[in-house]
Amino acid sequence: MPGAAGAALQVADACSQPRPERRNPEAPYQAFGCSTFPSSMAPVAKQAGATLQQEERGDATCPLLFIQLNQLLSTPAGLEWRETARWIKFEEKVEDGGERWSAPHVPALPLHSLFQLRTCLQKGTMLLDLDATSFKEIIDKALSGQPKEAELQPELRESLAALLLRQPQHQPTKSLLWLLAELGLSPCRGKAKSWSEPRVQLSEMPLKEQLRNRFKKKVPPGAEAAHVAVGEVEFLEKPFTAFIRLRQGVALGSLAEVTLPSRFLFIMLGPRAEVKAYHEVGRAMATLLTDELFQRVARQAEHREDLIAGMEVFLDELTVLPPRKWDPSARIPPPRCLPSPHRRTSLYSPNQQSHGNGDMAAAGHRAGLGHPRSSEELERTGRLFGGLLQDIRRKAPWYVSDFSDALHPQCLSAVLYIYLATVTNTITFGGMLGDATANMQGVLESFLGTAFAGSIFCLFSGQPLTILSSTGPVLVFERLLFSFSQDHSLDYLEFRLWIGIWVAFFGVVLVATEASHLVRYFTRFTEEGFCALISLIFIYDSLKKMLSLADAFPINWQYRLDNVTSYSCICNLSSPGHSSAGNDTPLPSPLALQQPPAAPAGLSRTQCLGRGGHLLGTSCQYVPDVTLISFLLFGGTFLSCTVLKCFRSSRYFPAGVRKLVSDFAIILAILASCAIDAALGLETPKLLVPSELKPTNPARGWIVFPFGANPWWVCLVSAVPAVLVTILIFMDQQITAVILNRREYKLQKGAGFHLDLLCVSLLMVVTSATGLPWYVSATVISLAHMESLRKESATLAPGEHPEFLGIREQRLTGLAVFVLTGVSIFMAPILKHIPMPVLYGVFLHMGVVALNSIQLTDRMRLLLMPAKHQPDLPYLRHVPLRRVHLFTVIQLLCLALLWVLKSTMAAIVFPVMLLVLVGIRKGLERVFSLHDLSWLDSLLPEMAGKEAEGQQPGKRKVEESNGEEVGDVLGAMLFHSHPQGCFGEGAKPGLSPSRPIDARSSGKAHD
């Protein structure tokens, strides 16, 4: 049909020509890639942009669209509609076999298809806010509402209506049982016929296949449907196109593969034309409707020009990929995160100014992001205890929800995980305290103190997600304090009581004067140094404990399998002097082995030694290789925790199973390791907890009296070391609080810096008076607690990655952990089956996770990477690499200094060194520019305030810098994530119409 084909080609050629006469005068025409400067947005686009910003703030919502592309195909039975692709946020295609959906991917469109679509919207039928109740009524109104110059003949309209009303063949998502049932019912058929026959009229009621379709579970609640129908028909000489928006969502029976109210329809039928031309135009329309901004323009458009203007905005944001530089058949996987819609709507602001990377105003504004220093928690009131009263007012309304929000299975996993970590930490530090203080404080005191102090803190603190524990810096001070007491003949516990009283007094003074305001000076530099130190202590202690097993259970280096017949061990109940044989005998003679034993046979080693005997023989010192199996359990637990924690992003099993395994990863790893240990039956070191409620040192009681053992002046002199302890407690507590309350955790219930410090200070009095250890926030365990309570959105739309929603903020998990810690004294028969190497593996996991969570670790890896292999990190785009390395080296030197001070007799000045870190950070402003510090760290409050006020030149909006960072990172991630392909001679230019890759931001990154 040459005439029809020629007309179709003319239409295709006309699609690429600009048509300024159809343009909205308020939005000057801007051909893609032809305009020099961005034009202002049309009013409807501005309104849609404002709606997007409201949705980002949570003030408005707009239902997502499920979009289905039906294509008219020729089959032996005649023409029939088949579903070939679908969209919610990303595209899925029906593979060539027709039985399988592709993986979700970012759609890549030929540029020509968008120009064709624009012409179709300019010339075709457009019905906005159509009132209709059935698909037949919609088709009748669409065919009768054509422009006069494109009006069809009556017989063509009847044929077209009959064709459009045919039942499409859907491609439902089948369950495994459904597939097995089809396979069993049709073993001899090449393809099961579960579809309705062609030429059948569209049903007004949902079909059985629609109701059984499992894909409905992936469609977000409240979603609406959009239908795109394209195809070739021989009886048309020119294309018929229609864009329809219904006033209200209407259920259109069996039109879509899932039963949803329909809102949009796009129809394009025409004579034979270029291969896949209609299909690509249909994909372009569906991709447009998946775009947030265009969808809102389409919902609010009042005229055809509004819709065209929305498409122009869409075109302005496209990035063109040159032909033969990429594989058009490659499917770009969905990115893990997308840029903010607010960034997109701000691109076209007439007041938007672009500046270089050295803009200090943006750096000052950026400094306030991700840090609580600018929040109300740290604002000074100028009144005594003003900050404390504000904390109480802020937290009181949430107190009831702090318990009700814990009613979730995830909290059970968090309780078990943190409980085992806390018990391990309690036993470890309790044993160290016992060694350092001659058992004045031991494991039992650690259990009771942890249970009491932790429970009180969880009930009354401002941030109940914090886990209290004995920490390394506090342990160092306790060791020094005991040594000083012994050297000067002072009673250790009484001296310690007065120090605790003074520390509590100083702490209350700090709360009254709102000293927590100084937390604003704890920048990333200080936080990372402290967090890295505590993480390394966890890693070092776990490895040290494992290496010490080689002393308790020596490896049998001298054991030889060939000499097994020569090894023996007997019990000799006679006096050791009567025999020269002993453990040093190299090999017993055969005659000696034939002599009858001097003791009844069958006595165990314990029974022999209990009767006063001794062991004779070459194998008496043999110990099974407990050390080897302990290291295997240690490493296996660590690897299991790491692998199972990442199981959420695995490709195997349904999403619910993956989430459950990830939430209970630590518990599953511990149970698996315990099962392996029980199956082997080796005597590995087990978790032993005290079973009696009595002091570890019989010479002390449960109450420490303030007078009697030391001279009267000790109560006054104690104020001097109390100052150091106060600095240590303040820094340790508040740095941990700053880390836990960072904005990236999206906490909704606010912080309580003053209230937390008051609780820790008052607990110092109680624990000192009862001879229990001192407790502050444990950074690593608290971070593990936060990580175990992460909330993520349910992955509904295919290809959509879970979005981090925040932390499950409540008090019950911490309270349950500390109550179980106290009850552990009565759970010794159960806990004794848990091997200590397993718990040390959990310790190592927590230390490694906390260490990997800081930027310092990433910058340390950069020191060992060639520049071409370095990841595309945001600060590497704005700060020279040598300056990044210099900043990292300075941080590492400070960390090394902290470690040396902690490990030597100079540990008495360790609290002061934490304050020195703040001073060092202040001095870095003489070495680094404020621009560099804003990317590598955060600006100090006074400098951030000056820059935010615009006191230095070069003011720029923060949205541009943030959008540049996100757009560039996502662009690199997308185009480096799939392998390079081979390109044929017929390769055509492609473009990626999704917003992760932004033309403007990409251009800036490479300039």
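A quick note: this is a predicted structure, and the numbers were derived from the prediction, not measured.

1. A closer look at the overall build of the protein
Part 1 of the reasoning: Scanning the protein from terminus to terminus reveals 39 helices and 16 strands.
Part 2 of the reasoning: The buried share of the protein, reckoned over its 1007 residues, is 53%.
Part 3 of the reasoning: Long-range pairs, those at least 24 residues apart, make up 81% of the contacts in the protein with a sequence separation of at least 6.
Part 4 of the reasoning: When the accessible area of the protein is evaluated, it comes to approximately 45,300 Å², of which 61% is carbon and sulfur surface.

2. Examining the side chain of His279
Part 1 of the reasoning: Inspection of the secondary structure puts His279 in helix H8 (residues 277–290).
Part 2 of the reasoning: What makes His279 buried here is its relative accessible area of 13%.
Part 3 of the reasoning: At a separation of 2.9 Å, a polar atom in the side chain of His279 contacts the side chain of Gln71.
Part 4 of the reasoning: Residues within four places of His279 in sequence aside, it is in contact with Leu69, Gln71, Thr84 and Val230.

3. Observations regarding the pairing of strand S2 (residues 78–87)
Part 1 of the reasoning: Counting buried positions along S2 yields 8 of 10 residues, so the element is predominantly enclosed.
Part 2 of the reasoning: Looking at chain direction, strand S1 (residues 65–75) and S2 are connected through 9 bridges and run antiparallel. When the sheet's bridge partners are listed, Thr75 is paired in S2 with Gly78.
Part 3 of the reasoning: Where S1 folds back on S2, the antiparallel hairpin that results is connected by 2 residues.
Part 4 of the reasoning: Pairing between S2 and strand S3 (residues 91–93): 3 bridges, direction antiparallel. Paired with Trp87 across the two strands is Glu91, which belongs to S3.

4. What to know about the packing of aromatic side chains
Part 1 of the reasoning: On inspection of all chains with the given rule, the structure shows 13 aromatic pairs.
Part 2 of the reasoning: The interplanar angle of 80 degrees and the centroid separation of 5.2 Å between the aromatic rings of Phe482 and Tyr492 together place this pair among those described as edge-to-face. Remark: Tyr492 occurs in helix H18 (residues 492–512) and Phe482 occurs in helix H17 (residues 472–487); sequence separation between them is 10 residues.
Part 3 of the reasoning: What makes Phe482 buried here is its relative accessible area of 11%.
Part 4 of the reasoning: By relative accessible area, which is 3% here, Tyr492 ends up buried.
Part 5 of the reasoning: Here the aromatic residues Trp502, Phe505 and Phe506 are joined through ring pairs into a cluster of three or more.
Part 6 of the reasoning: Lying across the ring of Trp101, Arg86 places its NZ or CZ 3.8 Å from the centre.
Part 7 of the reasoning: A cation sits over an aromatic face here: Arg496 above Trp774, 4.5 Å from the ring centre.

5. Topic: the nonpolar core
Part 1 of the reasoning: Ranked by internal contacts, the top residues of the largest apolar core, which has 139 residues, are Leu687 and Met846.
Part 2 of the reasoning: Per element, the largest residue contribution to this core is 12 residues, and it comes from helix H26 (residues 719–740).
Part 3 of the reasoning: If near-sequence neighbours (up to four positions away) are discounted, Leu687 is found in contact with Val423, Ile427, Leu831, Lys832, Ile834, Met836 and Leu839.
Part 4 of the reasoning: The next biggest cluster of nonpolar side chains, apart from the first, holds 34 residues, and it includes Met126, Val228, Phe264 and Ala301.

6. Regarding helix H5 (residues 154–164)
Part 1 of the reasoning: Burial in H5 covers these residues: Leu160, Ala161, Leu163 and Leu164. Across the axial projection of H5, the buried residues extend over an arc of 160 degrees, all falling on one side.
Part 2 of the reasoning: In this structure, the buried side of H5 is in contact with S1, S2, helix H4 (135–144), strand S7 (240–251) and strand S8 (261–270).

7. Points about the side chain of His517
Part 1 of the reasoning: Assignment of secondary structure puts His517 in the loop between H18 and helix H19 (524–552).
Part 2 of the reasoning: What makes His517 buried here is its relative accessible area of 14%.

8. Observations regarding unusual backbone geometry
Part 1 of the reasoning: Despite not being glycine, Arg324 shows a phi value in the positive range, around 65 degrees.
Part 2 of the reasoning: Tracing the backbone shows Arg324 in the loop between strand S9 (319–321) and helix H11 (341–346).
Part 3 of the reasoning: Residues other than glycine seldom take positive phi values, yet Lys746 does so here, at roughly 55 degrees.
Part 4 of the reasoning: One can find Lys746 in the loop between H26 and helix H27 (753–769).

9. Here's the deal with the sheet that holds S8
Part 1 of the reasoning: Taken together, 7 strands build an open sheet; the order of strands is S3-S2-S1-S6-S8-S7-S5 and the sheet is mixed. Looking at strand neighbours, the two that pair on one side only are S3 and strand S5 (125–130), the edges of this open sheet. Across the sheet, the axes of successive neighbouring strands diverge by a mean angle of 20 degrees, strand direction being ignored.
Part 2 of the reasoning: Where S5 meets S7, 5 bridges bridge the pair, whose relative direction is parallel. By the bridge assignment for S7, Met126 is matched with Phe243.

10. A look at the confidence of the model for the protein
Part 1 of the reasoning: Per-residue pLDDT for the protein has a mean of 75; in total, 75% of the residues score no lower than 70.
Part 2 of the reasoning: Contacts for the low-pLDDT stretch residues 1–40, under 50 throughout, to residues beyond four places or in other chains number 61 contacts.

11. A look at the pairing of S1
Part 1 of the reasoning: Across the 11 residues of S1, 9 count as buried, placing the element largely inside the fold.
Part 2 of the reasoning: Sheet analysis places S1 next to strand S6 (residues 224–232), joined by 8 bridges and oriented parallel. In the sheet register, Leu69 faces S6, and the bridge partner there is Val228.

12. A closer look at the environment of Ala242
Part 1 of the reasoning: Here Ala242 shows up in strand S7.
Part 2 of the reasoning: Judged by its relative accessible area of 1%, Ala242 falls in the buried class.
Part 3 of the reasoning: Through-space distance from the C-alpha of Ala242 to that of Gly124 is 5.5 Å; in sequence the pair is 118 residues apart.
Part 4 of the reasoning: Sequence-distant contacts of Ala242, that is, excluding residues within four places in its chain, are made with Thr125, Leu265, Phe266 and Ile267.

13. Remarks on the packing of H19 against helix H31 (residues 836–852)
Part 1 of the reasoning: Here H19 crosses H31 at 155 degrees, and the two axes come no closer than 8 Å. By the angle between their axes, H19 is roughly antiparallel relative to H31. Along this stretch, H19 crosses H31, giving a crossing that reads as left-handed. On the side of H19, the interface is formed by Cys531, Ala532, Ser535, Leu536, Phe538, Ile539, Ser542, Lys545, Met546 and Leu549, while H31 contributes Pro837, Tyr840, Phe843, Leu844, Met846, Gly847, Val848, Ala850 and Leu851.

14. Some details on the pattern of salt bridges
Part 1 of the reasoning: Under the criterion given, the structure shown has 34 salt bridges.
Part 2 of the reasoning: Asp140 is the salt-bridge partner of Lys136, the closest N and O atoms lying 3.3 Å from each other. You can see Lys136 and its partner Asp140 sitting in helix H4, 4 residues apart, about one turn around the helix.
Part 3 of the reasoning: Judged by its relative accessible area of 35%, Asp140 is partly exposed.
Part 4 of the reasoning: Arg496 is the salt-bridge partner of Glu478, the closest N and O atoms lying 3.1 Å from each other. You can see Glu478 sitting in helix H17 and its partner Arg496 sitting in helix H18, a full 18 residues away along the chain. Note on accessibility: Glu478 and Arg496 belong to one class, buried.
Part 5 of the reasoning: A cluster of three or more residues bridged by salt bridges with shared partners is formed by Asp402, Asp405, Lys749 and Arg811.

Reading the values: rules and limits
- Residues numbered from 1 in each chain as written.
- Predicted model: local features only at pLDDT ≥ 70, side-chain atom pairs only at ≥ 80, totals over all residues.
- Heavy atoms only, no water.
- Helix = DSSP H or I, 4+ residues; strand = E, 2+ residues; numbered from the N terminus.
- Buried < 20%, exposed > 50% of the residue type's maximum accessible area, 1.4 Å probe, protein only.
- Contact = heavy atoms within 4.5 Å.
- Areas by Shrake-Rupley, 256 points an atom, 1.4 Å probe, with all protein chains shown as cover.
- Polar contact = N/O pair within 3.5 Å; in protein donor to acceptor, adjacent residues only side chain to side chain.
- Pairing = 2+ DSSP bridges.
- Phe/Tyr/Trp six-rings, centres within 6.5 Å; stacked < 30°, edge-to-face > 60°.
- Lys NZ or Arg CZ within 6 Å of the ring centre and 35° of its normal.
- Core = buried A, V, L, I, M, F, W, Y, C linked by side-chain atoms within 4.5 Å.
- Arc of directions from axis to C-beta.
- Axes fitted to C-alpha atoms, helices over the stretch in contact; angles between N-to-C directions.
- pLDDT = per-residue confidence, 0-100.
- Parallel < 35°, antiparallel > 145°, perpendicular 65-115°, else oblique.
- Left-handed = near helix turned anticlockwise from the far one by under 90°.
- Salt bridge = Lys/Arg side-chain N within 4 Å of Asp/Glu carboxyl O.

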